[in-house]
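Close look at the chain arrangement
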Amino acid sequence: MIPALTGPAGRPFQFGNGKKHDADYGQQDPVNTPLVHPDRIRPVRGGQPGPGPVVYWMSRDQRAEDNWALIHARSLAAERDVPVRVLFCLVPSFLGATARQYGFMLRGLKETAASLHRDGIPFHLIRGNPPDEVPRFLEKAGAGALVTDFDPLRVKRDWLRRVCERITIPACLIDAHNIVPCWKASPKQEYGAYTIRPKIHRLLETFLEPFPRLPPQSVAPSRFPDLPDPDALLHAPGLDDSVPEVPNLRPGSAAGMALLDEFIRDRLSGYATDRNDPNRPGQSGLSPWLHLGQIAPQRVALEIRAADQDDDSVRAFLEELIVRRELSDNYCYYQPAYDAPTGIPDWARRSSEAHRGDRRPFVYSLRELEEARTHDPLWNAAQNGMAVTGKMHGYLRMYWAKKILEWTPDPETAWRTAILLNDKYSLDGRDPNGYAGIAWSLGGVHDRAWNTRPVFGKIRYMSLGGCRRKFDVDQYVRTYGIS
DNA sequence: ATCGGCTCGCGCAA
DNA sequence: TGCGCGAAGCCGAT
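Description of the structure in this document. (Residues numbered from 1 in each chain as written. Chains lettered and ligands numbered in written order. Predicted model: local features only at pLDDT ≥ 70, side-chain atom pairs only at ≥ 80, totals over all residues. Heavy atoms only, no water.)

Section: the packing of helix α15 (residues 377-389) against helix α17 (residues 411-425)
- Between α15 and α17, whose axes approach to 8 Å, the crossing angle comes to 35°. On α17, the residues touching Gln383, Met386 and Ala387 of α15 are Leu421, Asn422 and Tyr425.
- For the contact of α15 with α17, the residue count by class is 4 nonpolar, 2 polar and no charged. (Axes fitted to C-alpha atoms, helices over the stretch in contact; angles between N-to-C directions. Helix = DSSP H or I, 4+ residues; strand = E, 2+ residues; numbered from the N terminus. Contact = heavy atoms within 4.5 Å. Nonpolar A, V, L, I, M, F, W, Y, C, P; charged D, E, K, R; others polar.)

So this is what it looks like as structure tokens:
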């Protein structure tokens with residue numbers, strides 16, 4: 001326990017008497033109400049808070065609304081009567097991201113910055129390597145405390161660790177992405193959805209609570225930085241512009257919320273029956289906005305639940321939004337090799353090794369796969385569709401990934417290829433969901449053993465015939481294939 | 001259209 | 001120690 005981050009009740013940065021908040025605490029005085037559940041908060045560095053502003057280093061959760069990390073930063077600032085500043089550190093090269101993903105992110109950030117400025121909170125975009133630049137900014141701003149948002153990916157955890165080594169002010173981490181904080185849902189890597197599901201459901205009542213609405217900042221600086229200029233930033237040297245932005249797509253929190261409204265109004269009621277047909281717009285399509293934190297999963301869950309629609313559909317959607325998404329965070333948080341075949345379950349690894357030398361019916365190069373030039377029109381259509389639209393239907397993602405295992409020389413190549421292509425073309429690349437999905441498809445993670453097959457061993461196989469039985473493959477190929 | 005067998009191991013009841 | 005059952009299947013029999 002770190003003294004500077006601990007309130008009188010032993011709960012970090014508590015306000016008031018610590019009693020459970022009411023359903024709507026928009027009316028309440030932030031100074032006298034514990035706004036953020038203490039289990040959402042993780043102190044990562046102790047020390048005496050300085051007299052300067054509280055800085056929220058925004059990373060995974062790029063929104064001004066419904067953001068527990070920002071809410072906590074504002075609470076800290078209100079308590080100490082200092083301003084809040086939001087910092088975003090733009091890295092010129094991040095895990096294979098291209099102009100497609102940077103464009104979506106930067107246009108969203110511009111909107112977020114404008115919202116923050118309206119609330120009296122300056123948004124600072126800096127560029128460079130976070131372990132160098134974040135401490136430098138904190139020093140220059142005379143920051144008194146640091147707040148940041150939780151991300152289970154190695155590179156993000158590494159940044160935070162190194163930032164903490166270089167600063168002298170207290171710092172804390174908030175899980176603003178998961179409804180049940182990742183470390184609270186489970187203390188270990190879970191074996192499957194069925195093992196984490198009851199743990200999450202037990203805690204939902206506590207954590208799936210309404211967001212407080214805070215008044216504009218009373219202590220606000222007189223000067224605000226310029227809003228970020230996405231078009232200028234996209235031309236920065238070193239930025240991979242090999243994949244263009246997706247036209248006719250609206251990044252940002254407002255567009256994400258509009259898409260959510262449209263989904264609830266027009267498509268949620270059919271979700272239970274339509275979601276696994278790639279020819280129907282049965283899925284929400286929210287994943288790019290969720291991935292970049294432009295909208296909060298918790299906001300989505302609250303709205304879906306309030307919609308009071310077809311029970312099966314609501315249940316099925318919340319299962320995917322909450323249980324399976326948070327299982328992905330659990331996997332990346334507790335499994336260091338979340339993006340390699342060394343992290344898969346024992347039965348899968350034994351089986352996979354036994355079939356390493358199996359003859360592959362087709363072997364394609366990265367280039368052939370990337371250019372969608374295989375013998376399988378469905379696979380080509382899925383790959384081509386992703387390259388053009390930046391997304392791929394959830395059901396086809398499994399098929400697409402499994403075929404990469406079947407058509408490359410070894411599992412290592414398959415993992416590398418699947419991750420590279422997903423991260424390069426998908427708007428939701430580099431997300432724990434993507435890593436967990438690939439681990440499920442290629443490594444049997446969160447799955448069970450199945451009938452032994454060549455190459456796959458006991459890892460679940462999927463076939464073109466199976467797809468034909470489930471949906472109209474030819475229609476999909478007509479829509480997304482290369483003619 | 002529908003059913004059963006395939007196959008492993010976690011978590012819980014006992 | 002035994003037992004139920006699981007992140008989206010496949011295949012062949014009926």
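Concerning the pairing of strand β2 (residues 54-58)
- Most of β2 sits out of view: 5 of its 5 residues are buried.
- Along β2, one buried face is formed by Val54, Tyr56 and Met58 and the opposite face, lined by Val55 and Trp57, is buried too.
- Where β2 meets strand β3 (residues 84-90), 5 bridges bridge the pair, whose relative direction is parallel. Among the inter-strand pairings, Trp57 is bridged to a residue of β3, identified as Leu87.
- Pairing geometry for β2 and strand β5 (residues 145-149), over 4 bridges, is parallel. Along β5, the bridge assignment pairs Trp57 with Thr148. (Buried < 20%, exposed > 50% of the residue type's maximum accessible area, 1.4 Å probe, protein only. Pairing = 2+ DSSP bridges.)

Side note on the packing of aromatic side chains
- Tallied over the entire structure, the rule returns 17 aromatic pairs.
- With a centroid separation of 5.2 Å and 80° between ring planes, the pair formed by Phe456 and Tyr461 is classed as edge-to-face.
- Aromatic pair Tyr476 and Tyr480: ring centres 4.7 Å apart, planes at 40°, arrangement tilted. Within this pair, Tyr476 and its partner Tyr480 are both found in helix α20 (residues 473-480), separated by 4 residues, close to a single helical turn.
- Looking at Tyr476, the relative accessible area reads 3%, which means it is buried.
- Owing to a relative accessible area of 30%, Tyr480 belongs among the partly exposed residues under this scheme.
- The residue whose ring lies beneath Arg154 is Tyr338, and the NZ or CZ to ring-centre distance is 4.5 Å.
- A cation over a ring is seen here: Lys402 above Trp440, with NZ or CZ 4.9 Å from the ring centre. (Phe/Tyr/Trp six-rings, centres within 6.5 Å; stacked < 30°, edge-to-face > 60°. Lys NZ or Arg CZ within 6 Å of the ring centre and 35° of its normal.)

A look at the protein's contact with DNA strand C
- Around DNA strand C lies a shell of 22 residues, among which Ala193, Trp450, Arg460, Ser463 and Lys470 are the nearest.
- Protein-proximal atoms of DNA strand C, defined as those within 4 Å of the protein, fall in sugar or phosphate at a share of 49%.
- Between a phosphate oxygen of DNA strand C and a main-chain N or O atom of Tyr194, the distance comes to 2.8 Å.
- Arg197 places a side-chain nitrogen or oxygen 3.2 Å from a phosphate oxygen of DNA strand C.
- Elements with a minimum of two residues in the surface near DNA strand C: α6 (193-207), α16 (394-407), α18 (432-443) and α19 (464-470).
- Considering only residue class, the surface near DNA strand C consists of 9 nonpolar, 5 polar and 8 charged. (Near = heavy atom within 4 Å. Polar contact = N/O pair within 3.5 Å; in protein donor to acceptor, adjacent residues only side chain to side chain.)

Digging into the protein's contact with DNA strand B
- Around DNA strand B, the neighbouring residues are Lys188, Glu190, Tyr191, Tyr194, Thr195, Trp347, Arg350, Arg448, Ala449, Trp450, Asn451 and Lys458.
- With respect to DNA strand B, the side chain of Arg448 contributes an N or O atom lying 2.7 Å from a base oxygen.
- Contact between DNA strand B and Ala449: a base oxygen at 3.2 Å from a main-chain N or O atom of the residue.
- Residue assignment for the surface near DNA strand B shows that the elements contributing at least two residues are α6 and α13 (346-354).

With respect to the environment of Thr374
- Looking at the element boundaries, Thr374 is found in the loop between α14 (366-370) and α15.
- By relative accessible area, Thr374 is classed as buried at 10%.
- Remark: the alpha-carbon pair of Thr374 and Pro181, spanning 193 residues in sequence, is separated by 42 Å.
- Setting aside anything within four residues of it in sequence, one finds Thr374 in contact with Tyr364, Leu369, Trp379, Asn380 and Trp407.
- There is a polar contact of 3.1 Å between the side chain of Thr374 and the backbone nitrogen of Asp376.
- Only 2.7 Å separates the side chain of Thr374 from the side chain of Asn380, close enough to count as a polar contact.

A short note on the nonpolar core
- Membership of the largest hydrophobic core comes to 100 residues, with the highest contact counts inside it found for Tyr102, Leu138, Leu146, Val147, Val300, Ile304 and Phe317.
- Considering every element that reaches this core, the biggest residue donor is helix α12 (residues 311-334), with 9 residues.
- Counting residues in each nonpolar core, the second largest holds 44 residues, with Leu153, Leu378, Leu421 and Ala436 among its members. (Core = buried A, V, L, I, M, F, W, Y, C linked by side-chain atoms within 4.5 Å.)

So, the sheet that holds β2
- Reading across from one edge, β1-β6-β5-β2-β3-β4 is the order of the 6 strands in this open sheet, with mixed pairing throughout. The strands lining the two open edges of the sheet, one partner per strand, are β1 (41-45) and β4 (123-127). Across the sheet, the axes of successive neighbouring strands diverge by a mean angle of 25°, strand direction being ignored.

As for the pattern of salt bridges
- All told, the structure shown has 36 salt bridges when counted by the stated rule.
- The salt bridge involving Arg60 is made with Asp151; its shortest N-O contact spans 3.9 Å. Here Arg60, found in the loop between β2 and α1 (68-80), pairs with Asp151, found in the loop between β5 and α4 (154-165); they are 91 residues apart in sequence, far enough to count as distant.
- A relative accessible area of 4% places Arg60 in the buried class.
- Relative accessible area serves as the criterion here: at 9%, Asp151 is assigned to the buried category.
- A salt bridge links Glu133 to Arg136; the nearest nitrogen and oxygen atoms lie 3.4 Å apart. In this pair, Glu133 and Arg136 both sit in helix α3 (residues 130-141), 3 residues apart, roughly one turn of the helix.
- Looking at Arg136, the relative accessible area reads 52%, which means it is exposed. (Salt bridge = Lys/Arg side-chain N within 4 Å of Asp/Glu carboxyl O.)

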